[in-house]
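# An overview of the molecular structure
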Amino acid sequence: MPAYVREALGRLEQSGYEAYAVGGCVRDSLLGREPSDWDICTSALPEQTQAVFHAHRVVPTGVRHGTVTVILDEPLEITTYRIDGAYSDCRRPAQVTFTDRLVEDLRRRDFTVNAMALSREGRVFDAFGGLDDLNQKIIRCVGDAETRFEEDALRIMRAVRFAATLGFTVEEATERAVHKRRDNLKKIAVERVQAELTRLLGGHCAPVLVRFADVLAAVLPEAVLTEAAAERIERASSLAVKLALLTRGSDPEAVLRRLRYPNAVIAQAVCAARYPAAGIRPDLPAMRRLLGACGEADALAVLEYAALTDVLSAEGYARAAALLEQIGARGDCVTLAQLAVDGRALGAQLGLTGRAVGEVLDRLLQAVIDGKIPNEPGALLQYAQSTIIY
Ligand code: ATP
Ligand code: MG
């Protein structure tokens, strides 16, 4: 436990409150993984927590839900023990009630492995069998799975996501409920589903994608998830390539837009899926054209997608990637902007005007890319004069 977390727990305890680290950070540290962030739960009410940390910067991030953020070494979310009220429409609870019992706070949490608390002295508070499930690598709902998925359908996606990121299996009753209630996912805000999907894809996702293909289909009916497809998706290194593979055979742009992915991710996925296979060869001109058309990051995505869909062999991919790097490092001319002459020079030196300027520039670029002429003003102008105009 980092010192600033220990310190926060200590201050709350000294003021007479209970306080524990809770949720994902407990799970991850018990697994020997570095927690992404530390959350604290406490018997102190939000105003009481604010008073305890009066000497620090405190941001009332979600006081209505019991959360304040205290800025110590790092921002730390401290949430009052709470019971979630009635849920409306498979989404967040309408209102929450504070409680002074830790076990009630743990009971509202989604999975047993996420429902453990850790004291400042390192004691684990485990009321729902989280430790056993952690040891057996099992995702199991706290309480009745169907009820929990009825309350909040995002938990369906989270179950599948944790199975992938932790490499766990989903316990039988929980799995049955995941399948049975999958359509409730359609009621969840698409951004939240997207965030879970992204994390799922970053994990050991192949077996999960196959086993829960029906769940994916609830939010992404276009996905075709054969075993081979799922393997490829797991092997892909970038999110965009994973998404391009996931939406293979449909319109990636439309699907990813619907899922509200950022424009850069969509552009890269579309580039990877749509770049003409005939243009993907491990030779200099082809790789220069690819780099000119897509830029470096997207070009690599194109190559990876091509390798995973057998457009490129493994050696072809390695050679093509090495060429791309060479081209970038040398600063080869791959775009009009890098050409050593521009439209003005063509006008001044050769008297070209109008559409001819663009056409000639483009033919010069193609000649440079093909290695027919060096990218130097004299050579370019001479080439323009000899082969294009006359
Ligand atoms: P990670 O941060 O690695 O994604 P996490 O378990 O910390 O995993 P968070 O989304 O940060 O996930 O949530 C923190 C904790 O809040 C969870 O461990 C769980 O106890 C609880 N929690 C989060 N979302 C839900 C939910 N939809 N239903 C019930 N409990 C939840
Ligand atoms: Mg977390």
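Owing to the predicted nature of the structure, the values given are computational and were not obtained by experimental measurement.

## Quick word on the packing of helix α13 (residues 239-246) against helix α17 (residues 296-308)
Where α13 contacts α17, the axes come no closer than 9 Å and their chain directions differ by 45°. One element, α13, and the other, α17, form an angle in the oblique class. Where α13 crosses over α17, the two elements pack in a sense that is right-handed. On α17, the residues touching Val241, Ala244 and Leu245 of α13 are Ala301, Glu304, Tyr305 and Leu308.

## A closer look at helix α18 (residues 314-330)
Taking 1.5 Å per residue as the helical rise, α18 with its 17 residues ought to reach 24 Å, and the 24 Å between its terminal C-alpha atoms agrees with that figure. Buried residues of α18: Gly316, Ala320, Ala321, Leu323, Leu324 and Ile327, and no others. Buried residues along α18 cover an arc of 160° about the axis, so they all sit on one side. Facing away from the buried side of α18, by more than 90 degrees, are the exposed residues Ala314, Glu315, Arg319, Glu325 and Ala329. Against α16 (284-294) and α17 lie the buried residues of α18. In the segment just after α18, glycine 331 is the residue with positive phi, at about 70°.

## Section: the pairing of strand β4 (residues 67-71)
The buried fraction of β4 is high, at 4 of 5 residues. By the bridge criterion, 4 bridges tie strand β3 (residues 57-62) to β4 in an arrangement that is antiparallel. Within β4, the position partnered with arginine 57 by the bridge is isoleucine 71. Here β3 folds back onto β4, and the loop between the two strands holds 4 residues, one of which, glycine 66, carries a positive phi near 95°.

## As for the side chain of arginine 161
In this structure, arginine 161 sits in helix α7 (residues 154-166). On the accessibility criterion, arginine 161 (5% relative accessible area) is buried. Each residue touching arginine 161, except ones within four places of it in the same chain, is listed here: Glu196, Arg199 and Leu200.

## Quick look at the site of ligand 1
Taken together, 15 residues form the shell around ligand 1, and within it Arg27, Asp152, Arg155, Arg161 and Arg199 come nearest. Here an oxygen atom of ligand 1 and a backbone polar atom of glycine 24 are 3.1 Å apart. In the environment of ligand 1, an oxygen atom lies 2.8 Å from a nitrogen or oxygen atom belonging to the side chain of arginine 27. Surface burial for ligand 1 is 79%, taken as the share of its 580 Å² of free accessible area covered by protein chains. Elements represented by at least two residues in the shell around ligand 1 include exactly α2 (24-30) and α7.

## Topic: the sheet that holds strand β8 (residues 116-118)
Strand order in the open sheet made by the 7 strands is β3-β4-β5-β2-β1-β8-β9, with mixed pairing throughout. In the strand order of this sheet, the two ends are held by β3 and β9 (124-126), each with one partner. When the angles between neighbouring strand axes are averaged without regard to direction, this sheet yields 35°. Bridge analysis of strand β2 (residues 39-42) against strand β5 (residues 75-80) gives 4 bridges, and the strand direction is parallel. Within β5, the residue paired with cysteine 41 across the bridge is threonine 79.

Definitions and limits used
- Residues numbered from 1 in each chain as written.
- Chains lettered and ligands numbered in written order.
- Predicted model: local features only at pLDDT ≥ 70, side-chain atom pairs only at ≥ 80, totals over all residues.
- Heavy atoms only, no water.
- Axes fitted to C-alpha atoms, helices over the stretch in contact; angles between N-to-C directions.
- Helix = DSSP H or I, 4+ residues; strand = E, 2+ residues; numbered from the N terminus.
- Parallel < 35°, antiparallel > 145°, perpendicular 65-115°, else oblique.
- Left-handed = near helix turned anticlockwise from the far one by under 90°.
- Contact = heavy atoms within 4.5 Å.
- Expected span 1.5 Å × (residues − 1).
- Buried < 20%, exposed > 50% of the residue type's maximum accessible area, 1.4 Å probe, protein only.
- Arc of directions from axis to C-beta.
- Pairing = 2+ DSSP bridges.
- Near = heavy atom within 4 Å.
- Polar contact = N/O pair within 3.5 Å; in protein donor to acceptor, adjacent residues only side chain to side chain.
- Areas by Shrake-Rupley, 256 points an atom, 1.4 Å probe, with all protein chains shown as cover.

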